[in-house]
Amino acid sequence: TLMRPGYAPSRANFVAMQGTLQSLSSALGFGPAQVAMTLLADGAHFRVRLPPGGGKLAWLRRALSWPFATRSAAAELLTARDEVVARSVELHSTLEQLPIGCIRSDLEGTVISTNQACEDIFGLTQAEIVGGRWWDVLTTPAARADAAAGFRRVVEGGSVSPAEFAGRTRDDEAVRCEWRHRLIVQEHSSTSVLSMVQDLSARYRLQDQLVQASKMEAVGHLAAGVAHDFNNLVTVIIGYTEILAERLPPGHPGGSDLAQIRGAADRATRLTRQLLAFSRPEDFSPEVLDLRHVVEETLGLLDRLLGSDIAVSLTGEATGYVKADPDQIGQLVVTLAVNARDAMPDGGRLQIDLSDAERDGPTVQLSMTDTGIGMDAHTCRLIFDPFFTTKQPGKGTGLGLSTAYAIVQRSGGFLTVESELGKGSTFRVFLPRFQGALTLPPPRPEPVLEGKGETILLIEDDEAV
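This section reports on the structure supplied with the text. (Residues numbered from 1 in each chain as written. Predicted model: local features only at pLDDT ≥ 70, side-chain atom pairs only at ≥ 80, totals over all residues. Heavy atoms only, no water.)

**Things to note about the packing of aromatic side chains**
And then number 1: One pass over the full model with this rule turns up 7 aromatic pairs.
And then number 2: Here tryptophan 135 and phenylalanine 151 contribute two aromatic rings whose centre-to-centre distance is 5.5 Å and whose plane-to-plane angle is 55 degrees, an arrangement assigned as tilted. Within this pair, whereas tryptophan 135 is found in helix H6 (residues 134-138), its partner phenylalanine 151 is found in helix H7 (residues 144-155), the two being separated by 16 residues in sequence.
And then number 3: When its relative accessible area of 3% is taken as the criterion, tryptophan 135 is described as buried.
And then number 4: On the basis of relative accessibility, which here comes to 1%, the residue phenylalanine 151 falls in the buried class. (Phe/Tyr/Trp six-rings, centres within 6.5 Å; stacked < 30°, edge-to-face > 60°. Helix = DSSP H or I, 4+ residues; strand = E, 2+ residues; numbered from the N terminus. Buried < 20%, exposed > 50% of the residue type's maximum accessible area, 1.4 Å probe, protein only.)

Take a look at the structure:
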C-alpha cells in the first residue's frame with residue numbers, strides 16, 4: 001500500500017496512472033491479471049498488486065514509490081518504459097553483431113534464443129535450434145555426454161574451463177568448436193544460462209599451415225645440403241653415358257643398357273630440380289602476371305603429358321592479376337595436371353577454371369578438377385607432406401605436390417584439396433590479387449645461341465664433372 005502524504009489523487013489522475021502501469025507491465029511481459037492498481041476508499045491511498053520475485057519487479061517497485069503528485073508521474077513511467085525497451089533493443093542488436101555464437105537456455109539446457117553467429121556456425125535457423133537441448137541439436141553424438149556434463153556442472157555452481165566439443169552442422173559435418181557457459185543471475189537466483197560457442201576451424205587451419213611451413217623449411221635445409229653434390233654425381237653419370245653411347249656402333253647390344261642408365265639419370269635430374277625448389281627460394285623472381293595467359297601457354301605441354309584419353313578444358317575468367325614467378329606457376333600447373341593424370345589411369349576429364357575469389361582478401365583462384373579415383377580424408381591430410389606418395393615404389397618421389405605447395409606459399413597464397421573416394425579431386429590455388437599499378441613486363445625474347453670460335457673456360461671443383 002502506497003501513499004503520498006498530503007495528496008489525494010483525483011479520479012482522472014488515478015485512471016491515468018493505472019493505464020500507465022498496465023502499459024509498463026505489458027512491456028515487461030506481465031499480463032493484466034498479474035499487475036493491478038486499486039484506489040482505496042479514503043482517496044489518499046492506493047494499493048498495487050505485483051507477482052512475487054523477479055528482477056524486473058525491483059525497479060518497478062521503486063518506480064511506484066515515486067511521488068504521484070501530478071500527471072508528470074505518468075510521463076516518468078512512460079519514459080522509464082521507453083528506456084527499458086530501448087536498452088533491450090540495443091542489447092539484442094549487440095548480441096546479433098557478435099562474431100561468437102550465443103545460446104540462451106534454461107537450466108535444463110533447452111534453448112530459448114540464439115544469435116546470428118550461432119546460426120552461421122551450424123547452418124541452422126533459430127527455429128530449428130530453439131526448443132531442443134543444445135547438446136542434442138548442436139553437437140555430434142560422440143560429444144553429447146561430455147557437453148551435457150559440463151553444462152550441468154555450471155548449473156550446479158561449479159566452474160568449467162572452456163572446452164572443445166565437436167559441433168554438428170545441418171549436413172551432419174563435424175566442426176571444431178570451443179564452448180563457454182555463464183549463469184544468468186537475477187534477484188540472487190539463477191534463471192538461465194548463456195552459452196558462447198566459437199568456431200575454431202580458421203585457427204586450426206592456420207596451425208596446419210604453420211606445421212606444413214615448418215615441414216617445407218626442414219625439407220629445404222635437407223635439400224640444400226645434398227642437392228648440389230647429388231647433381232654433380234648425376235652430371236658425371238650422364239656425361240660418361242653419352243661418351244660411351246658415341247663410341248658404340250649402331251645396333252650394339254650395350255646401347256639399350258646405356259639408354260636405361262640415361263633414363264634413370266634423367267629421372268634423378270628431375271628429382272634434383274624438385275629438391276632445389278625447396279632449397280633456393282632466392283631464385284624466386286615474381287612478376288605481374290595474367291594467370292590465364294600462363295595457363296594457356298602451359299596447355300600445349302599438357303596435351304603431350306596427359307595423352308589423348310584425358311580431355312582438358314579451360315573455363316572461367318579472372319579479371320585480376322597476380323604477382324608470382326611465371327616459371328614456377330607453370331611448374332605448378334604441370335604438377336597438378338600430372339597428379340590428375342595419375343589419378344585417372346583409364347582416362348577422364350580435367351577441368352581448369354579461373355575466377356576472382358575472396359580468401360583472406362581479394363585473390364585469383366585457379367581450380368583443377370579431375371574425374372579420377374579420389375582420396376579419403378586421411379590421404380587428403382597428408383597429400384602435401386614431403387615424400388608422401390600413394391604410388392607404387394619407383395613410380396613417384398612424393399615431392400610433386402609438396403613442391404606445388406611450396407610454390408603457392410612462396411607466392412603468398414593458399415593451396416587446398418577437396419576429394420572423395422570414387423568422386424575425383426579438386427585442387428584450389430588462391431593467389432593474392434595484385435593491387436598496385438599495372439605495368440606488365442615486356443615479353444622475354446628467346447635466347448639465340450651463336451658461336452664464333454670462342455674458347456669456353458669451365459671452372460668446376462668436382463674433377464669428375
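This is not the end of the story, as more comes after the structure.
**Considerations on the environment of threonine 110**
And then number 1: Within the secondary structure layout, threonine 110 lies in the loop between strand E4 (101-105) and strand E5 (111-114).
And then number 2: Separated by 21 residues in sequence, threonine 110 and glycine 131 have C-alpha atoms that sit 5.7 Å apart.
And then number 3: Apart from residues lying up to four places away in sequence, threonine 110 is in contact with Arg104, Ser105, Gly131, Gly132 and Arg133. (Contact = heavy atoms within 4.5 Å.)

**Structural notes on the pairing of E5**
And then number 1: Examined bridge by bridge, E4 and E5 share 3 bridges and lie antiparallel to one another. Looking across to E5, one finds that arginine 104 is bridged to serine 113.
And then number 2: Adjacent in sequence and paired antiparallel, E4 and E5 are bridged by 5 residues, among which glycine 109 carries a positive phi angle near 90 degrees. (Pairing = 2+ DSSP bridges.)

**A look at the pattern of salt bridges**
And then number 1: Under the criterion given, the structure shown has 11 salt bridges.
And then number 2: For aspartate 266, the salt bridge goes to arginine 262, with nearest N and O atoms at 3.1 Å. Here the residue aspartate 266 and the residue arginine 262 both occupy positions in helix H9 (residues 254-279), the gap between them amounting to 4 residues, near one helical turn.
And then number 3: Residue class for aspartate 266 comes out partly exposed when judged on its relative accessible area of 27%.
And then number 4: A residue is classified by how much of its surface remains accessible, and arginine 262, at 28% relative accessible area, is partly exposed.
And then number 5: The partner of aspartate 342 in a salt bridge is arginine 341, and the shortest N-O contact between them spans 3.2 Å.
And then number 6: You can call aspartate 342 partly exposed: its relative accessible area is 33%.
And then number 7: When its relative accessible area of 28% is taken as the criterion, arginine 341 is described as partly exposed. (Salt bridge = Lys/Arg side-chain N within 4 Å of Asp/Glu carboxyl O.)

**A look at the sheet that holds strand E13 (residues 362-370)**
And then number 1: With respect to topology, 5 strands assemble into an open sheet ordered E10-E12-E13-E15-E14, the strand pairing being mixed. Where the open sheet ends on each side, the last strands, each with one partner, are strand E10 (310-315) and strand E14 (414-419). On average, each strand axis in the sheet is tilted by 15 degrees relative to the strand beside it, whichever way the strands run.
And then number 2: One ladder, built from 6 bridges, connects E14 with strand E15 (residues 425-432); its direction is antiparallel. Paired with serine 419 across the two strands is serine 425, which belongs to E15.
And then number 3: Its contacts with the sheet put helix H10 (residues 291-306) on E10, strand E12 (348-358), E13 and E15, and the angle it makes with E10 is roughly 175 degrees. (Axes fitted to C-alpha atoms, helices over the stretch in contact; angles between N-to-C directions.)

**Section: the packing of helix H11 (residues 326-342) against helix H13 (residues 400-410)**
And then number 1: One can describe the packing of H11 onto H13 by two numbers: an axis separation of 9 Å at closest approach and a directional angle of 145 degrees. Once H11 is placed against H13, the crossing between them reads as left-handed. For the pair H11 and H13, contact is made by Gln328, Gln331, Leu332, Thr335, Leu336 and Asn339 and by Gly400, Leu401, Thr403, Ala404, Ile407, Val408 and Arg410, respectively.
And then number 2: For the contact of H11 with H13, the per-class residue count stands at 6 nonpolar, 6 polar and 1 charged. (Left-handed = near helix turned anticlockwise from the far one by under 90°. Nonpolar A, V, L, I, M, F, W, Y, C, P; charged D, E, K, R; others polar.)

**Observations concerning the state of the cysteines**
And then number 1: Taken as a whole, this structure holds 0 disulfides when the rule is applied.
And then number 2: Sulfur of cysteine 102: no disulfide; nearest cysteine sulfur belongs to cysteine 118 and is 8.3 Å away. (Disulfide = S-S within 2.5 Å.)

**As for the side chain of threonine 379**
And then number 1: Here threonine 379 is to be found in helix H12 (residues 377-382).
And then number 2: Taking relative accessible area as the criterion, threonine 379 reaches 12% and is therefore assigned buried.
And then number 3: When neighbours within four sequence positions are excluded, threonine 379 is seen to be in contact with Phe388 and Thr390.

**Describing unusual backbone geometry**
And then number 1: A positive phi angle is found at aspartate 172, which is not glycine, with a value near 60 degrees.
And then number 2: Structurally, aspartate 172 can be placed in the loop between strand E6 (163-168) and strand E7 (174-186).
And then number 3: A relative accessible area of 57% places aspartate 172 in the exposed class.
And then number 4: Positive phi is not limited to glycine here, since aspartate 360 has a value of about 55 degrees.
And then number 5: By the secondary structure assignment, aspartate 360 is in the loop between E12 and E13.

**Here we look at H10**
An α-helical turn contains 3.6 residues, so any two residues separated by three or four positions project in the same direction.
And then number 1: When the terminal C-alpha atoms of H10 are compared, their 21 Å separation across 16 residues agrees well with the 22 Å that a helix rising 1.5 Å per residue should span.
And then number 2: At glycine 300, H10 is bent by approximately 40 degrees, the largest bend along its length.
And then number 3: Along H10, the residues classified as buried are Leu291, Val294, Val295, Thr298, Leu302 and Leu306.
And then number 4: The distance from a side-chain oxygen at the start of H10 to the backbone nitrogen of arginine 292 is 3.1 Å, and the residue carrying that oxygen is aspartate 290. (Expected span 1.5 Å × (residues − 1). Bend = angle between axes of the 7 residues up to and from the residue. Polar contact = N/O pair within 3.5 Å; in protein donor to acceptor, adjacent residues only side chain to side chain.)

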